[in-house]
Amino acid sequence: MNISVELHTLGELHVKGIIGGEIDAFTAPILREKLKEITLQDNMHVELNLMDVSYMDSTGLGVFVGFYKSISAANGHMELTGLSSRLKRLFDITGLVEIMDIQETDKEVKKDETV
Amino acid sequence: MNLRSSVDIITEWDIVAARQLGRNEAKEVGFGTVDQARITTAISELARNIYLYAGKGKIEIRQITDGNLRGLLVIASDKGPGIVDVRKVMEDGYTTSGGLGAGLPGVRRLMDDFKIETVLGEGTTISASKLLR
Amino acid sequence: MPQEFKRQYKEILEQYTQRQTELNLYEGQNFSRQLIQKNISPEEVISIHKASLEELMPDLPNDVWHSFDLLIEVMIRYGLALKEHQTLIKKQENFRMEMELASNVQQTLLKTKIPVMNDLDIGMISVPAKEMNGDYTHFLNDDTTIGIAVADVIGKGIPAALCMSMIKYGMDSLNGAETEPIVVLDVINRIVEKSVSDSMFISMFYGTYDTSNSKFTYASAGHEPPLFYSAKSNEFSELQAKGLLLGVIPNVKYEQHIISLDKDDFIVMMTDGVTECRSKAGFIDQNTVMDIIESVRDQSAQDMVEFVFHKLEELQEFEQRDDFTLVIFKKK
């Protein structure tokens, strides 16, 4: 039952979130509340890094679907990065990979990004 | 006979004064120690509610009779914001002050009869009575 | 009544102050059971104690008597907390009964009959993690064709169950078993997309099996891919079909595929309650699940699903986290 969510504002329209731990029925509400803190504006770009997420179930998926819907409605863009193969499979199976911007773990990029 | 039959609640000290008045009247009616403690606890709760949520108000204590029975009536009135959802504040387990078994459901349990009238923006009047059996 | 309690209590108290035996204490403890049963509040117990003491030791100093009044005052809230606790327990019991009723209604509403076909052996098991099931299985059939829907509503419990009745009505609006899987998914997606909240969605697999040519046609809306077991090659493969979850966007293109079944081939359809099994050592991986299924491949489809459920239950040490549904179509 642990999750960590850090939000960094990188620019007026650019937010990067770093999520770690487990996203399940217990922790999903915490993540959902945290993402609500982001003020959605036109052309907003939100990158969510899931590199340190060790487990996610369908409830967690629900949070990202919800966030994707609201940011898309506000003409913004959500990008998920750093997905492990297990997490990636979840987005593959559910077909979400077709509509969302999803990047698998890339070792080289990873080094640069985790400052 | 106590001439003062009501106490204005403005500061936390007034809660003690209201209790004192209630205890004296309860003793006079003939309530035993346990019932005295129940009545004063109910007064405490009502006065505290006024102090916390309405800012100021009044606790009035009256001796009453019902047939052959004597008793005490406590009326708490304020001109505060009123209660939005009465049903909710009367519900067990719902508490804004964070105390177990306290609040208005507690008052209702401690007394025999309980009535609440509230108008949003105008205030709240709660009357609670207990008869000596 | 309190008079009677006072008499009894005084007696116990007197005995104890004289002898201090364990038996006296035991009697005191038994007495408290009676008090609780009769709803005697803590402040009253202290009052009884004080009154008994007044008779047994009238010469105690005044300070002692005053101290009891303070104790009574202090205990009033314990009495209130106790009463509140009692009503909350009663309330909880009411909720439990309501849940039980709701779960019965759900079971009646979602009842589906496993069709009996000459060509196909069908096994099915669906076990909710809590009272209400968020998994949905539905069969449609005519003389030659069987339609099978396996769906999983995200989340568990009541919200999932309510959401599921939507699929049920969507399914009822279809024209029989021969409706193409992609059409079925499209219809249900439109219904769900309009009606659910933003973070709610459903994954669903739909397939039709035609007994006249032993072909299985299927499509998936973001659902866990079924496993196909080929008897000839003794191998499992996943029945992949691209398609987005139901309820995310209104217009979705689903893929449809066809596979032929030979004798003893079978298809295993499931929800993520099966694939997301976790044991102490970590996830139970797909290979383990396949090994379990393979070990009972010669049994009837119903025996197979039950065996798999019990085996996985055992591996998870009987802690079921998610709704669990497993359906097997096996060609005779």
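Residues numbered from 1 in each chain as written. Chains lettered and ligands numbered in written order. Predicted model: local features only at pLDDT ≥ 70, side-chain atom pairs only at ≥ 80, totals over all residues.

**Let's talk about the overall build of chain A**
Of regular secondary structure, chain A possesses four helices and five strands. Listed N to C, the secondary structure of chain A is β-β-α-β-α-β-α-β-α in terms of helices and strands. Counting all 115 residues of chain A, 37% fall into the buried class. Within chain A, counting contacts between residues at least 6 apart in sequence, those at least 24 apart form 66% of the total. (Helix = DSSP H or I, 4+ residues; strand = E, 2+ residues; numbered from the N terminus. Buried ≥ 20, exposed ≤ 12 C-beta atoms within 10 Å, placed from the backbone. Contact = placed C-beta atoms within 7 Å.)

**Looking at the pairing of strand E6 (residues 227-230) of chain C**
Residues and elements named next belong to chain C. Residues Leu 227 and Tyr 229 line the buried face of E6, whereas the alternating positions Phe 228 and Ser 230 sit on a face that is not buried. Where E6 and strand E7 (residues 235-238) come together, four bridges link them in antiparallel fashion. Each bridged residue has a counterpart across the sheet, and for Tyr 229 the counterpart in E7 is Phe 236. Where E6 folds back on E7, the antiparallel hairpin that results is connected by four residues, among which Asn 234 adopts a positive phi of roughly 55°. With three bridges joining them, E6 and strand E9 (residues 266-270) adopt antiparallel strand pairing. Considered in E9, the bridge of Leu 227 is made with Val 268. (Pairing = 2+ DSSP bridges.)

**Here we look at the arrangement of the chains**
There are two pairs of chains in contact here; the most contacts are made by chains A and C. You won't find any contact between chain A and chain B; their C-alpha atoms come no closer than 22 Å.

**Focus on the sheet that holds strand E5 (residues 123-131) of chain B**
Residue and element names in this part refer to chain B. Within the open sheet, the five strands sit side by side as E1-E2-E3-E5-E4. Their pairing is antiparallel. Edge positions in the open sheet fall to strand E1 (6-9) and strand E4 (113-119), since each of these has one partner strand only. Strand-to-strand twist in this sheet, taken as the mean axis angle between neighbours without regard to direction, amounts to 15°. Where E1 and strand E2 (residues 57-66) come together, four bridges link them in antiparallel fashion. Across the sheet, the residue bridging to Asp 8 is Lys 58, located in E2. Taken strand by strand, helix H2 (residues 33-54) contacts E1, E2, strand E3 (69-78) and E5, and its axis lies near 10° from that of E3. (Axes fitted to C-alpha atoms, helices over the stretch in contact; angles between N-to-C directions.)

**Points about the confidence of the model for chain C**
Reading predicted coordinates in detail is not appropriate for stretches of low pLDDT. Per-chain confidence: chain C averages 88 in pLDDT, with 95% of residues scoring 70 or above. Per the prediction output, this complex has pTM 0.71; the corresponding ipTM is 0.83. (pLDDT = per-residue confidence, 0-100.)

**A few points about the pairing of strand E3 (residues 145-153) of chain C**
Residues and elements named next belong to chain C. When you tally the buried positions in E3, you get eight out of nine residues, the bulk of the element. With seven bridges joining them, strand E2 (residues 135-141) and E3 adopt antiparallel strand pairing. Note on E3: the bridge partner recorded for Leu 140 is Gly 147. Count of turn residues in the E2/E3 antiparallel hairpin: three residues. By the bridge criterion, nine bridges tie E3 to strand E4 (residues 202-210) in an arrangement that is antiparallel. Each residue of the ladder has a partner; that of Ala 149, found in E4, is Tyr 206.

**Remarks on the domain arrangement of chain C**
Assigned domains of chain C: these are domain 1 (2-102) and domain 2 (112-331). Spacing between the C-alpha centres of domain 1 of chain C and domain 2 of chain C amounts to 58 Å. (Domains from an automatic or database assignment.)

**Details of H2(B)**
Counting along an α-helix, one turn takes 3.6 residues, and residues three or four places apart therefore face a common direction. Residue and element names in this part refer to chain B. Between its first and last C-alpha, H2 extends 31 Å over 22 residues, near the 32 Å set by a 1.5 Å rise per residue. Along H2, 17 of the 22 residues are buried, which leaves the element largely enclosed by surrounding structure. In the stretch just after H2, Gly 55 is the one whose phi turns positive, near 90°. (Expected span 1.5 Å × (residues − 1).)

**A look at unusual backbone geometry**
You will see that Asn43(A), though not glycine, has its phi angle at about 65°, which is positive. On the secondary structure map, Asn43(A) appears in the loop between helix H1 (28-36) and strand E3 (45-56). Its identity is not glycine, yet Gln20(C) carries a phi of approximately 50°, on the positive side.

**Overview of the interface of chain A and chain C**
Across the contact, 17 residues belong to chain A and 18 residues belong to chain C. For the side of chain A that touches chain C, the element with the most residues is helix H2 (residues 58-73) of chain A, which contributes nine residues. Residues that form the side of chain A that touches chain C fall into these classes: six nonpolar, seven polar and four charged. (Nonpolar A, V, L, I, M, F, W, Y, C, P; charged D, E, K, R; others polar.)

**Here's the deal with the interface of chain B and chain C**
Size of an interface, as often reported, equals the accessible area lost when the parts are brought together. Facing the 13 residues of chain B at the interface are 14 residues of chain C. For the side of chain B that touches chain C, the secondary structure elements donating two or more residues are H2 and helix H4 (103-110) of chain B. Per-element tally for the side of chain B that touches chain C: the top contributor is H2(B), with five residues.

**Describing the nonpolar core**
Ranked by size, the top nonpolar core spans 91 residues in total, and within it Leu185(C), Phe201(C), Ile202(C), Met204(C), Val268(C), Leu326(C) and Ile328(C) carry the most contacts. It is helix H5 (residues 157-172) of chain C that contributes the most residues to this core, seven residues altogether. Each residue touching Phe201(C), except ones within four places of it in the same chain, is listed here: Gly62(A), Val65(A), Ile154(C), Val196(C), Leu245(C), Leu246(C), Gly247(C) and Val248(C). In this structure, Ile9(B), Ala18(B), Leu21(B) and Val107(B) belong to the second largest nonpolar core, which totals 26 residues. (Core = buried A, V, L, I, M, F, W, Y, C linked by C-beta atoms within 7 Å.)

**Let's talk about the sheet that holds E3(C)**
Strands in a sheet are paired, the pairing made by backbone hydrogen bonds, and the direction either parallel or antiparallel. All names here are of chain C. Sheet architecture is open: five strands sit in the order E2-E3-E4-E5-E8, paired in antiparallel fashion. Edge strands, defined here as strands with exactly one partner in the open sheet, are E2 and strand E8 (257-260). For this sheet, the mean angle separating the axes of adjacent strands, direction not counted, is 15°. Contacting E4 and strand E5 (215-221), helix H6 (residues 181-195) crosses the sheet at an angle of about 155° to E4.

**Overview of the packing of helix H1 (residues 2-19) of chain C against helix H3 (residues 42-56) of chain C**
Angle between the axes and distance between the axes are the two parameters that describe a pair of packed helices. All names here are of chain C. Remark: H1 packs on H3, axes separated minimally by 9 Å, with the N-to-C direction vectors making an angle of 60°. Viewed along their axes, H1 and H3 adopt a mutual orientation that is oblique. Remark: the crossing between H1 and H3 carries right-handed chirality. In this structure, H1 contributes Pro 2, Phe 5, Lys 6, Tyr 9, Lys 10, Leu 13 and Glu 14 to the contact, and H3 contributes Glu 44, Ile 48, Ala 51, Ser 52, Glu 55 and Leu 56. Of the residues belonging to the contact of H1 with H3, the class tally is seven nonpolar, one polar and five charged. (Parallel < 35°, antiparallel > 145°, perpendicular 65-115°, else oblique. Left-handed = near helix turned anticlockwise from the far one by under 90°.)

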